[in-house]
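Residues per chain, in single letters:
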Amino acid sequence: MKKSIALISLGCAKNLVNSEQMLYLLDEAGYALSPDPEGCDAVIINTCGFIDAAKSEAIDTILQMAELKAASKLGKIIVTGCLPERYRDDIRAELPEIDAILGVGSFADIVSALDEAFAGNIVEYFGDKNAPVDELPRVVSTGPSWAYLKIAEGCDNFCAFCAIPYIRGRYRSRSMTNILEEARSLAEHGVKELIVIAQDITKYGTDLYGKRSLAELCSKLSEIDGIEWIRLHYTYPDQFDDELIDEIASNDKIVKYLDIPIQHINDGILRAMNRHGTSDDIRQLFKDLRQRIPGLVLRTSIIAGLPGEGEAEFEELCEFLREAKIERAGVFPFSPEEGTRAAKMEHVDFETAQRRAELIMQLQSEIMEEFCRSQVGKTLRVLCEGYDEEQKMFFGRSYADSPDIDGLVFFDGAGCEGNIVDVKITAITDECFLVGEEV
Ligand code: SF4
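Residues numbered from 1 in each chain as written. Predicted model: local features only at pLDDT ≥ 70, side-chain atom pairs only at ≥ 80, totals over all residues. Heavy atoms only, no water.

K.L.:
So what exactly am I meant to see when it comes to the overall build of the protein chain here?
P.N.:
A count of helical and extended segments in the protein chain gives 12 helices and 19 strands. Relative to its full complement of 439 residues, the protein chain shows a buried share of 54%. Considering only contacts within the protein chain whose residues lie at least 6 apart along the sequence, 73% involve residues at least 24 apart. Per element, the accessible surface of the protein chain, about 18300 Å² overall, is 50% carbon and sulfur. (Helix = DSSP H or I, 4+ residues; strand = E, 2+ residues; numbered from the N terminus. Buried < 20%, exposed > 50% of the residue type's maximum accessible area, 1.4 Å probe, protein only. Contact = heavy atoms within 4.5 Å. Areas by Shrake-Rupley, 256 points an atom, 1.4 Å probe, with all protein chains shown as cover.)

Structure follows, in structure tokens:
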């Protein structure tokens with residue numbers, strides 16, 4: 001009888017790709033994959049561990065699984081990813097319910113780890129986190145029509161508040177050949193939209209080819225039949241050059257949507273956080289991008305309450321956001337992460353950081369609503385992702401919507417899941433979703 005395995009994937013899209021690779025290896029090894037851990041022979045929890053909120057979520061999930069195990073409703077508990085990579089000793093000491101722990105350099109060892117755990121051993125695998133990126137097939141767990149494409153692993157930017165370089169290791173690009181091969185395979189399986197990810201995609205190729213190679217990669221990705229949309233996430237503000245901007249502007253398959261985390265705008269804070277580039281550089285970049293790429297939608301990430309942020313610096317940030325009108329934003333209160341330089345710097349308490357984050361979210365929701373209203377009357381290309389029985393409408397995403405973090409478009413029409421259709425926008429909902437009819 002095949003042993004049944006469930007996998008819970010926490011954290012970012014890069015971690016999800018590792019989960020998908022483990023799903024492929026488990027399937028290849030003949031394990032039965034189950035969506036529900038209850039009743040399974042084992043559960044794999046692929047964790048995130050870079051900020052407090054993520055760590056709490058991972059530990060809560062482990063404790064929930066431990067309850068199932070204690071009630072004999074679950075066999076083994078396998079914990080992988082960033083949490084064990086960062087806290088292997090604490091996990092060993094404080095969570096004896098766990099049967100196996102694997103670091104970020106050992107996703108490829110998941111089957112051996114399971115076999116050993118089923119043999120009754122307590123298992124630990126901590127491969128080299130700076131080793132070349134695993135080139136493994138995956139079971140794509142996202143929609144039939146879109147998939148993440150991870151082009152590199154790790155990070156060398158060492159932003160002062162960030163623990164990721166210490167968890168995920170140094171920056172390692174995948175070879176362009178392997179990336180294109182994977183993209184072709186995804187296209188053959190019906191994927192229309194590729195979401196290009198890494199900790200910093202604009203650094204792609206600098207380690208492997210000695211030069212920034214994202215523009216070249218995007219050009220080659222767009223030659224693949226079946227791929228219609230290429231979406232760029234996690235770019236770094238000071239890594240844009242004319243070649244990349246021209247490629248984004250002229251390549252019809254690259255959606256005019258750019259995710260550019262800036263974290264803050266105050267020069268003193270940017271310097272203290274080891275962020276490359278100044279506030280003027282960021283303003284000039286946004287101005288150039290909007291001029292050279294008509295209809296561009298910008299997404300960014302902001303951290304409120306960073307060391308050095310007083311009321312004046314916070315107001316400067318708010319004033320910049322009011323002026324820049326960035327259509328999409330993820331906003332986080334500063335979380336002092338042990339082992340980072342920022343954690344040792346003076347900073348406001350968490351309540352103040354949280355309050356400031358909420359004020360920015362309010363400011364951003366007004367900007368987002370203004371953007372949504374400006375879409376009424378336009379005809380947008382929408383990737384149809386299904387039919388909503390409750391709304392009695394098809395739904396999907398426009399170029400301005402990345403999965404899980406942005407909005408949706410609901411529309412009347414023939415619709416066809418997985419296809420990109422034209423939708424005339426007629427209204428917006430209270431949640432700032434767009435509504436329209438297929439044309
Ligand atoms: S760019 Fe900065 S914030 Fe992003 S992963 Fe690298 S060190 Fe962390």
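K.L.:
Got a minute to help me understand the side chain of Ser19 in this structure?
P.N.:
With respect to the helices and strands, the residue Ser19 is situated in helix α1 (residues 13–28). Given a relative accessible area of 1%, Ser19 falls into the buried group. Residues contacting Ser19, with those up to four places away along its chain left out, are Leu7, Ser9 and Asn46.

K.L.:
In this structure, what is going on with the layout of surface pockets? I would like to understand it.
P.N.:
Estimated volume of the second largest pocket: approximately 420 Å³. Contributing to the lining of the second largest pocket are 20 residues, with Leu136, Pro137, Arg138, Glu182 and Ser185 lying nearest its centre. Ranked by the residues each element gives to the lining of the second largest pocket, the list is headed by helix α6 (residues 176–188), at five residues. Grouping the constituent residues of the lining of the second largest pocket by class yields nine nonpolar, four polar and seven charged. (1 Å grid on protein atoms, 1.4 Å probe; cavity = no way out; pocket = protein on both sides within 12 Å on 5 of 7 lines; lining within 4 Å. Points joined across faces, edges and corners; volume = space filled by probe spheres on them. Nonpolar A, V, L, I, M, F, W, Y, C, P; charged D, E, K, R; others polar.)

K.L.:
Help me out: how do you make sense of the site of the ligand in this one?
P.N.:
Around the ligand, a shell composed of Cys155, Asn157, Phe158, Cys159, Phe161, Cys162, Ile164, Pro165, Gln199 and Tyr236 is seen. In terms of residue class, the shell around the ligand is built from eight nonpolar, two polar and no charged. (Near = heavy atom within 4 Å.)

K.L.:
When you look at the side chain of Ser398 in this model, what are you seeing that I'm missing?
P.N.:
Here Ser398 lies in strand β16 (residues 393–398). Ignoring any residue separated from it by four or fewer positions in sequence, one finds Ser398 in contact with Trp229, Arg231, Leu380, Arg381, Val382 and Val409.

K.L.:
I would appreciate a short explanation of the sheet that holds strand β1 (residues 4–9) in the present structure.
P.N.:
Strand pairing in a sheet takes place through backbone hydrogen bonds and is either antiparallel or parallel in direction. If you walk across this open sheet you meet the six strands as β2-β1-β3-β4-β5-β6, and the pairing is parallel. Each of the sheet's edge strands pairs with one partner strand only, and the pair in question is β2 (32–33) and β6 (123–125). Pairing of strand β5 (residues 100–102) with β6, which is carried by three bridges, proceeds in the parallel orientation. The residue bridging Ile101 from the neighbouring strand is Glu124, located in β6. (Pairing = 2+ DSSP bridges.)

K.L.:
Whenever I open this one, unusual backbone geometry confuses me. Can you help?
P.N.:
Trans is the common state for peptide bonds, and a negative phi is the common state for residues other than glycine. Located in the positive-phi region is Gln263, a residue other than glycine, with phi close to 70 degrees. Relative to the elements of secondary structure, Gln263 occurs in the loop between β12 (254–259) and α9 (267–272). We note that Lys325 has phi near 45 degrees; this positive angle belongs to a residue other than glycine. Mapped onto the elements, Lys325 comes out in the loop between α11 (311–324) and β14 (328–333).

K.L.:
Can you walk me through the sheet that holds strand β13 (residues 297–304) in this structure?
P.N.:
The strand order β7-β10-β11-β12-β13-β14 describes an open sheet built from six strands, whose pairing is parallel. On the outer flanks of this sheet lie β7 (146–150) and β14, each paired with one strand and no other. Between one strand axis and the next, the sheet turns through 15 degrees on average, direction left out of account. As paired strands, strand β10 (residues 193–197) and strand β11 (residues 229–232) are joined by four bridges and run parallel to one another. Bridging from a neighbouring strand, Val196 pairs with Leu232 of β11. Lying over the sheet, helix α12 (residues 350–375) contacts β13 and β14, oriented at roughly 170 degrees with respect to β14. (Axes fitted to C-alpha atoms, helices over the stretch in contact; angles between N-to-C directions.)

K.L.:
Please clarify how the pattern of salt bridges should be interpreted in this entry.
P.N.:
Two side chains with opposite charge may pair up if their charged atoms get near one another. In the structure shown here, the tally under the stated rule is 36 salt bridges. Between Asp156 and Arg170 there is a salt bridge, with its nearest N and O atoms 2.7 Å apart. Here Asp156, found in the loop between β8 (152–153) and α5 (164–168), pairs with Arg170, found in the loop between α5 and β9 (172–173); they are 14 residues apart in sequence, far enough to count as distant. Judged by its relative accessible area of 33%, Asp156 is partly exposed. Residue classification places Arg170 among the partly exposed residues on the basis of a relative accessible area of 43%. Each of Glu20, Glu135, Arg138, Arg174 and Glu182 takes part in salt bridges that share partners, so that together they form one network. (Salt bridge = Lys/Arg side-chain N within 4 Å of Asp/Glu carboxyl O.)

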